[in-house]
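What follows is the residue order along each chain.
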Amino acid sequence: MKNNTLLLCKALLINQLKFNALKSKGYSRNKGRFYLMLVVIVILSASLMGYAYMIGDSFSVIGLSEVLPAYGLVVSSFLLLFFTVLKSNGTLFALKDYEMVMSLPVKTRTIIASRFLVMYALNVGVVLLVMLPMGIAYVQHNTVSALFYPIWLVGMLIAPLFPTTIAAIIGALIVWVASKFRHTNALVTIFSLLFLMAFLSLSFFVGKVDQSSFTTEDMTNMGGMIGDMINDLYPLASLFTEAVIENNIISLGIFVGLSMAWYLVFLALLSKKYKAINTALFTHSTRSNYQLDVLEEGTPMKALYKKELKRFFSSSVYVLNVGMGLLMAWVLSIAALFLPTEMIMEMIPMEGAERLIESMLPFIICALLGMSCTACVSLSLEGKNIWILQSLPISPKTIFHSKMLVNLTLLIPTALICSILLSIRFASSFSSALIIIGLPLMYCLFIPVWGMFIDIKLGYYDWVSETAIIKQSANALAGLIGSGLLGLLPIVLILFVDGLSLLVIAVVASLVILSASGFLYKVVANASL
Amino acid sequence: MLQIKNFSKTYKGGKKAVNNLSLTVEAGDILGFIGHNGAGKSTTIKSVVGILDFEEGEITINNISIKTQPLACKKMMAYIPDNPDLYEHLTGIQYLNFIADIFGVPAKERTDRIQKYGEAFEITPALGDVISSYSHGMKQKVAIIAALVHTPKLLILDEPFVGLDPKAAITLKNAMRELCAEGSAVFFSTHVLEVAEKLCNKIAMIKSGNLMAYGETQELIKDGSLEELFMEVADEK
């Protein structure tokens, strides 16, 4: 008999990653979407790998090679912790096939293990993107024995276990506590937001200690100290460092053993509460005491808009993932208003940051707003409900308008208030204030039409988990990359082209944003559902 | 009311789901659309309501083509699918109000109709709860009320009796008869032959995409039963 965990894992992966799309003969929409997703993943992975290699290389050049194993482990663990907490509700819990899977003759811990392994498998990929290039940089600058390679490989495979379980436990705790109350979804959103804010503050605090305590010159002589600091923060890192630096197989064994033991404890603990948590998530408190009163009339547009807004706020995964950019824009603007200039400049570790900050600000806000594109997934999120819109007497254009309007509703207040706050602090003239406020507002027009365009072209309705659409779909990634790029590109120009005036960049950017928005709107307005 | 002329639908890969289908549903008609699983019933229904596109044939509602003027056609129709996937995050009443807003039903009329059908289907007390808390049958009831809230000229239902309790099934049959008495028409697919025999004045039987029998119920079954006719059609090669 085949291993049930692997069987469930295989079914989940085939379903989530849409491998069957490749089996159809000739070109199909699903196949196209799959390949596009692959291209986007390759671009993102290459960027992350390049960045990780540059860090590894820089560390080695300034003589901090010994810190690299621990640093790679900690960075990838932090990344995993941050992103997996948002994913556990939807991957581990509240999956649409929960009832079907629970009715199968398999143990609860097998079901948890299969879902956990899917998260783990995807997380191994993330670790590889960070640790593989760092390992290459390490080998290039150090003489390593043959043992280094298997040790590093084992490290990369074991690294995701601890952060993934911790993230799953935090996710489970959030869901479990929230499930005790009537408005479970709202509470999951609030608790998760609190966690993320605490996490961001903690990362800032840790980064702050790092930045202010050591200058580049000091760091050359302080490799050991930084290593100690990381190892204190994350004891598993010290075991891995010992294994790599000293070829210590025993340390590696303890590192693997502790990670595996921790995973098994997690599995045993969660399997006791898994059914209770899911039951609470799927069971809704009902009042059944509704009394009909005279109902209010509204226009079709208002009805669609209200429905769309409710859809957004009813899903914690949707709010947390799409709202992340908005949250970061708020944090940045409020921090900029109250923190002293030196502290803000420490957060932007680049030459001449003070001189360039005024030019870069509107685009930083644009890039953050670009992370909050609801339109690129809102059509796909209709899922099995799409028949409702398809059979109602409303034009596709009205439907698209309602979805773009919801995106604008989320973007405009943030763009307006954040850019006003930033212009109060950084604008040197009235015209520069106008640019800092005007550009993000103009950019708000681009984000929804770009998102809608992407969702019309790449959207699909046959999904099992909304997390897969919001976080892992081709349209979500394309939406993010497209709107992010238009914000980031001017920042790159400002950094690498000397003497560009803010006014010139603003005029060119406005023309590009407005013409791209106009062109895309024309396509969207004539599209069918 | 509904005219389907030489309608054919071929899916990607060349599978012909429906082949040269022609039938008419007049005002006052209740037409039962019968066939085995995969015969082409849902494909036909989805094409009629404008969900599926098609290349061959013509479908008109009150002489208006669903292909060229879909919005005008949809304004006259209501559709209830075989699986009532409704907006789970809305409450029952929010969903009904949403549909009433889309069809522009005046406040007084929508309130009266929701009250009438809500009581008939015994679901009014649950209308304040979110749809995700409903059973399959309750969702089906809300989908039916949503279809009736704008008194459609043509009501199209795909397997409407699946999941309904006996009382709700009787209420639905009465609502269908009432609607037809007011000059509307009903076109529905079903596997429940007894219901079709008693409820429908017209029957259409489809097998592997081809129309095998079509006409007045009494003329088709003569002295026999719908079950016998169905078996005859099923055994035909």
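Everything numeric in this text was worked out from a predicted model, so none of it was measured.

Undergrad: I tried to follow the overall build of chain B on my own but got confused; where do I start?
TA: Scanning chain B from terminus to terminus reveals 9 helices and 10 strands. Taken over C-alpha atoms, the radius of gyration comes to 18 Å for chain B, in line with the 18 Å a tight globule of 237 residues would show. Its C-alpha atoms give chain B principal-axis dimensions of roughly 50 × 40 × 35 Å. Split into buried and exposed, the 237 residues of chain B put 49% on the buried side. Residue pairs at least 24 apart in sequence account for 71% of intrachain contacts in chain B once pairs closer than 6 positions are excluded.

Undergrad: Where do I start with the overall build of chain A in this structure?
TA: Counting secondary structure elements, chain A contains 23 helices and 0 strands. Within chain A, buried positions represent 41% of all 529 residues. For chain A, restricting intrachain contacts to residue pairs at least 6 apart in sequence, the fraction spanning at least 24 positions comes to 85%.

Undergrad: Teacher, can you tell me more about the interface of chain B and chain A here?
TA: Interfaces are frequently sized by the accessible area removed from exposure as the parts join. Each side of the interface is counted separately: chain B has 34 residues, and chain A has 29 residues. Where the side of chain B that touches chain A is concerned, the elements lending two or more residues are α2 (70-76), α3 (92-103) and α4 (107-120) of chain B. Partitioning the side of chain B that touches chain A into residue classes produces 18 nonpolar, 10 polar and 6 charged.

Undergrad: Looking at this structure, I do not really get the sheet that holds strand β8 (residues 185-190) of chain B. What am I missing?
TA: Paired through their backbone hydrogen bonds, the strands of a sheet run either parallel or antiparallel. All names here are of chain B. As summarised here, the arrangement of the 6 strands in space is β6-β7-β8-β3-β9-β10, forming an open sheet in which the pairing is mixed. Lying at the two open borders of the sheet, with one neighbouring strand each, are β6 (77-80) and β10 (210-216). Across the sheet, the mean angle from the axis of one strand to that of its neighbour is 15°, orientation sign disregarded. Pairing of β6 with strand β7 (residues 154-158), which is carried by 4 bridges, proceeds in the parallel orientation. Of the residues in β7, the one forming a bridge with Tyr79 is Ile156. The sheet strands contacting helix α1 (residues 41-48) are β3 (30-34), β7, β8 and β9 (202-207), and the helix crosses β7 at an angle near 145°. Each of β3, β9 and β10 touches helix α9 (residues 226-235); the most contacted strand, β9, lies at about 25° to it.

Undergrad: Teacher, can you tell me more about the confidence of the model for chain B here?
TA: Parts of the prediction with low pLDDT should not have their coordinates interpreted in detail. Per-residue pLDDT for chain B has a mean of 92; in total, 100% of the residues score no lower than 70. Of the two predicted TM-score estimates for the complex, the pTM is 0.81 and the ipTM is 0.91.

Undergrad: Quick question: what am I supposed to make of the nonpolar core here?
TA: Considering soluble globular proteins, one finds that nonpolar side chains tend to be buried as a cluster. Ile365 and Leu369 of chain A together with Leu96, Val142, Ile145, Ile156 and Phe187 of chain B are the most contacted members of the largest nonpolar core, which has 211 residues in total. For Leu96 of chain B, the residues in contact, after removing those within four places along its chain, are Ile114, Val142, Ile145, Ala146 and Val149 of chain B.

Undergrad: Looking at this model, I keep getting lost on the pairing of β7 of chain B. Mind explaining?
TA: Two faces make up the sheet, and in a regular strand the side chains alternate between them. Residue and element names in this part refer to chain B. Counting buried positions along β7 gives 5 out of 5 residues, so the element sits mostly inside the fold. Neither face of β7 is left uncovered, since the one carrying Leu154, Ile156 and Asp158 and the one carrying Leu155 and Leu157 both have all their residues buried. When β7 meets β8, the two strands line up parallel, connected through 5 bridges. Along β8, the bridge assignment pairs Leu154 with Ala185. Each parallel crossover has a hand, and for β7 linked through helix α6 (residues 166-181) to β8 it is right-handed.

Undergrad: Looking at this structure, I do not really get helix α22 (residues 474-496) of chain A. What am I missing?
TA: Because an α-helix packs 3.6 residues into every turn, residues spaced three or four apart end up facing the same way. All names here are of chain A. If you check α22, its first and last C-alpha atoms are 31 Å apart, about what 23 residues at 1.5 Å a residue would give, namely 33 Å. Most pronounced at Leu485, the bend in α22 amounts to some 35°. The set of residues buried in α22 consists of Ala474, Asn475, Ala476, Leu477, Ala478, Gly479, Leu480, Gly482, Ser483, Leu486, Gly487 and Pro490.

Undergrad: How should helix α19 (residues 396-426) of chain A be read in this particular structure?
TA: Given a rise of 1.5 Å per residue, 31 residues ought to cover 45 Å, and the 43 Å separating the end C-alpha atoms of α19 of chain A matches this to within 8%. Along its length, α19 of chain A shows its largest kink, about 25°, at Leu411 of chain A, and proline Pro413 of chain A lies within four residues downstream of that point.

Undergrad: Mind showing me how you'd approach the sheet that holds strand β2 (residues 16-25) of chain B here?
TA: All names here are of chain B. Taken in spatial order, the 4 strands make up an open sheet running β2-β1-β4-β5, and their pairing is antiparallel. The open sheet has two edge strands, β2 and β5 (64-65), and neither has a second partner. Pairing analysis gives 6 bridges linking strand β1 (residues 2-10) to β2, with the strands arranged antiparallel. Within the sheet, the bridge partner assigned to Thr10 lies in β2 and is Lys16. Running at roughly 120° to β1, α1 makes contact with β1, β2 and β4 (56-61) of the sheet.

Undergrad: How should I be thinking about the environment of Ala175 of chain B in this particular structure?
TA: Residue and element names in this part refer to chain B. Tracing the backbone through its elements, the reader meets Ala175 in helix α6. Judged by local crowding, Ala175 falls into the buried class, with 20 C-beta atoms found within 10 Å. Distance from Ala175 to Ala120, taken between C-alpha atoms, is 9.5 Å for residues 55 residues apart in sequence.

Undergrad: For this particular structure, what's the right way to read the packing of α22 of chain A against helix α23 (residues 502-525) of chain A?
TA: When two helices pack together, their arrangement is given by the angle between the helix axes and the distance between those axes. Residues and elements named next belong to chain A. Two elements in contact, α22 and α23, have axes separated by 12 Å at closest approach and are oriented at 155°. Classed by the angle they form, the pair α22 and α23 counts as roughly antiparallel. By crossing handedness, the relation of α22 to α23 is classed as right-handed. Contacts from Leu486, Pro490, Leu493 and Ile494 of α22 reach α23 at Ile505, Ala509 and Ile513.

Rules of the game
- Residues numbered from 1 in each chain as written.
- Chains lettered and ligands numbered in written order.
- Predicted model: local features only at pLDDT ≥ 70, side-chain atom pairs only at ≥ 80, totals over all residues.
- Helix = DSSP H or I, 4+ residues; strand = E, 2+ residues; numbered from the N terminus.
- Rg over C-alpha atoms; globule rule 2.2 N^0.38 Å.
- Buried ≥ 20, exposed ≤ 12 C-beta atoms within 10 Å, placed from the backbone.
- Contact = placed C-beta atoms within 7 Å.
- Nonpolar A, V, L, I, M, F, W, Y, C, P; charged D, E, K, R; others polar.
- Pairing = 2+ DSSP bridges.
- Axes fitted to C-alpha atoms, helices over the stretch in contact; angles between N-to-C directions.
- pLDDT = per-residue confidence, 0-100.
- Core = buried A, V, L, I, M, F, W, Y, C linked by C-beta atoms within 7 Å.
- Right-handed = clockwise from strand over helix to strand, strands pointing away.
- Expected span 1.5 Å × (residues − 1).
- Bend = angle between axes of the 7 residues up to and from the residue.
- Parallel < 35°, antiparallel > 145°, perpendicular 65-115°, else oblique.
- Left-handed = near helix turned anticlockwise from the far one by under 90°.

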